[in-house]
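A look at the structure
What follows is each chain in one-letter form.
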Protein chains: 2
Amino acid sequence: MAFWKSLFNGSNAIAPSSTTPAEEETLLTTGKTQQDTRIFFSTTRSIDLYELEELCDAVGWSRRPLRKVRKAMQHSFLVVSMWEEQGAHRRLIGFARATSDHAFNATIWDVVVHPKCQGKGLGKALMNYMIKRLRKEDISNITLFADADVVDFYHRLGFVSDPEGIKGMFWYPD
Amino acid sequence: MAFWKSLFNGSNAIAPSSTTPAEEETLLTTGKTQQDTRIFFSTTRSIDLYELEELCDAVGWSRRPLRKVRKAMQHSFLVVSMWEEQGAHRRLIGFARATSDHAFNATIWDVVVHPKCQGKGLGKALMNYMIKRLRKEDISNITLFADADVVDFYHRLGFVSDPEGIKGMFWYPD
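Thresholds applied
- Residues numbered from 1 in each chain as written.
- Chains lettered and ligands numbered in written order.
- Predicted model: local features only at pLDDT ≥ 70, side-chain atom pairs only at ≥ 80, totals over all residues.
- Heavy atoms only, no water.
- Pairing = 2+ DSSP bridges.
- Helix = DSSP H or I, 4+ residues; strand = E, 2+ residues; numbered from the N terminus.
- Axes fitted to C-alpha atoms, helices over the stretch in contact; angles between N-to-C directions.
- Least-squares fit on C-alpha atoms with pLDDT ≥ 70 in both.
- Contact = heavy atoms within 4.5 Å.
- Buried < 20%, exposed > 50% of the residue type's maximum accessible area, 1.4 Å probe, protein only.
- Polar contact = N/O pair within 3.5 Å; in protein donor to acceptor, adjacent residues only side chain to side chain.
- Buried area = accessible area lost by both parts, 1.4 Å probe.
- Salt bridge = Lys/Arg side-chain N within 4 Å of Asp/Glu carboxyl O.
- Parallel < 35°, antiparallel > 145°, perpendicular 65-115°, else oblique.
- Nonpolar A, V, L, I, M, F, W, Y, C, P; charged D, E, K, R; others polar.
- Disulfide = S-S within 2.5 Å.

**Notes on the sheet that holds strand β3 (residues 78–86) of chain B**
Taken in spatial order, the 8 strands of this open sheet run β1(B)-β2(B)-β3(B)-β4(B)-β5(B)-β6(B)-β8(A)-β7(B), and their pairing is mixed. Single-partner strands in this sheet number two, and they are β1 (25–29) and β7 (159–161) of chain B. Mean inter-strand twist for the sheet, computed between neighbouring axes without regard to direction, equals 30 degrees. Sheet topology note: the β3 of chain B/strand β4 (residues 89–100) of chain B ladder contains 9 bridges and is antiparallel.

What follows is the structure, given as structure tokens:
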């Protein structure tokens, strides 16, 4: 299983900025025996960036310089990864992160679930976990920019588009 | 001129988080004599929060706990204030800040220009300064959530709403 690289690799350790939420692991599903698949969330930033790149490749995202991905992870307020564990093997199957002012606003970016794991409610579970963690940190305004094909997915999670005519806008050079 | 409180007040000093842009002051307009009004931008975080509150009051925003405002300033990537200076007096006339992952994305919040100073192109100058500073830090994706009545203002600055169907969304509890 060379594909499943060693995780939580010290050489890729990323120091979080101050006053970010404490790291934790949270079990989503557990099996009856030790060989059954378990799925859990982690808020560690020590993710193998090559494995994260593989996950993003799997959904067809453009590659980004790992130096910048590392910096973005370090300066995100919350980083959540979703893992499938069977026996001693852990595999990264989902990811999301949020920027924030640590007080009022958070914006969720880079939400991804491995295509082989989609359609099982895991994306919903990942987002609900993000929301729960942000609410726990007393963030009142949780926002995101949704691609057209996932607007309905976020609607079902309680996100509202353009409330009171507020528009998401992106700056482009002239 | 008791209204013009002492600025850059040490007791309200706010420590920026690491790797944020260096603080600077930039002159926008200058007069011919020392008594003429000068307008300049600053990226200091050491703003008198009571004066910031007065500015926000002037445009009718709801008051927010200063403890949280201080935290939000500390954890914003970029804080820009706009000042009108005449002789020894400095008056806060505009403000904006941005959250960011310091790598890819920035989101601009709390853009405000004092009503008495509106209609002179100062809001445009403030936003262009924000954009210039964010671009200088190699942020490629500059975003914001615009209230319905300022969407056209941001359009004129080069912001595009809902590009390729991307929707700004806000989470509300069920």
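**Thoughts on the relation of the copies chain B and chain A**
Between chain B and chain A, the superposition needs a rotation of 180 degrees and an axial shift of 0.0 Å, giving an RMSD of 0.0 Å. Considering both components of the superposition, the chain copies are consistent with a two-fold axis. In terms of proximity to the rotation axis, the leading residue of chain B is Gly-168 of chain B, whose C-alpha is 2.0 Å off the axis. Of all interface residues in chain B, 100% are interface residues in chain A too; the two copies therefore contact each other through one and the same surface.

**Notes on helix α1 (residues 49–58) of chain B**
Turning to α1 of chain B, its buried residues are Leu-49, Glu-51, Leu-52, Glu-53, Leu-55 and Cys-56 of chain B. Put simply, Asp-48 of chain B is the residue that caps the front of α1 of chain B, since its side-chain oxygen is 2.8 Å from the backbone nitrogen of Tyr-50 of chain B.

**Thoughts on the interface of chain B and chain A**
A common measure of how large an interface is: the accessible area buried when the components associate. Each partner contributes to the interface: chain B provides 50 residues, whereas chain A provides 50 residues. Taking both partners together, chain B and chain A bury about 4800 Å²; carbon and sulfur atoms supply 61% of that area. Summed over the three residues of chain B that lose the most area to chain A, namely Phe-104, Met-169 and Trp-171 of chain B, the buried surface amounts to 19% of that side. Across the salt bridge formed by Asp-138 of chain B and Lys-68 of chain A, the nearest N and O atoms sit 3.4 Å from each other.

**Details of the packing of α1 of chain B against helix α2 (residues 66–74) of chain B**
Residue and element names in this part refer to chain B. Packing of α1 against α2 brings their axes to within 11 Å, and their N-to-C directions diverge by 100 degrees. Classified by the angle their axes make, α1 and α2 are roughly perpendicular. Mapping the contact onto sequence places Leu-49, Tyr-50, Leu-52 and Glu-53 in α1 and Leu-66, Val-69, Arg-70 and Met-73 in α2. Residue classes in the contact of α1 with α2 are distributed as 6 nonpolar, no polar and 2 charged.

**Here we look at the state of the cysteines**
Under the criterion given, the structure shown has 0 disulfides over all chains. Not engaged in a disulfide, the cysteine Cys-56 of chain A finds its nearest cysteine sulfur in Cys-117 of chain A; these two sulfurs lie 14 Å apart.

**Digging into the sheet that holds strand β1 (residues 25–29) of chain A**
Spatial strand order, β1(A)-β2(A)-β3(A)-β4(A)-β5(A)-β6(A)-β8(B)-β7(A): 8 strands in an open sheet with mixed pairing. Of all strands in the sheet, those bounded by a partner on one side alone are β1 and β7 (159–161) of chain A. Each adjacent strand pair in this sheet contributes to an overall mean axis angle of 30 degrees, direction not counted. Bridge count for strand β5 (residues 105–113) of chain A against strand β6 (residues 141–146) of chain A is 4 bridges, and the pairing is parallel. Following the sheet pairing, Asn-105 of chain A is matched in β6 of chain A by Asn-141 of chain A. With respect to the sheet, helix α1 (residues 49–58) of chain A is in contact with β3 (78–86), β4 (89–100) and β5 of chain A, its orientation differing from that of β4 of chain A by roughly 85 degrees. In the packing of helix α3 (residues 122–136) of chain A onto the sheet, the strands contacted are β1, β2 (38–42), β3, β4, β5, β6 and β7 of chain A together with β8 (167–171) of chain B, and the crossing angle to β5 of chain A comes to about 160 degrees.

**Quick notes on unusual backbone geometry**
One non-glycine residue with positive phi stands out, namely Asp-138 of chain A, at about 70 degrees. In this structure, Asp-138 of chain A sits in the loop between α3 and β6.

**Structural notes on the environment of Val-69 of chain B**
Mapped onto the elements, Val-69 of chain B comes out in helix α2. On the accessibility criterion, Val-69 of chain B (11% relative accessible area) is buried. Distance from Val-69 of chain B to Leu-49 of chain B, taken between C-alpha atoms, is 7.9 Å for residues 20 residues apart in sequence. With near-sequence residues (within four places) excluded, Val-69 of chain B lies in contact with Phe-104 of chain A together with Leu-49, Leu-52 and Arg-64 of chain B.

**Considering the side chain of Lys-68 of chain B**
Following the sequence through the fold, Lys-68 of chain B ends up in helix α2. With near-sequence residues (within four places) excluded, Lys-68 of chain B lies in contact with Ala-103, Phe-104 and Asp-138 of chain A.

Shape is all these values report; function is a separate question.
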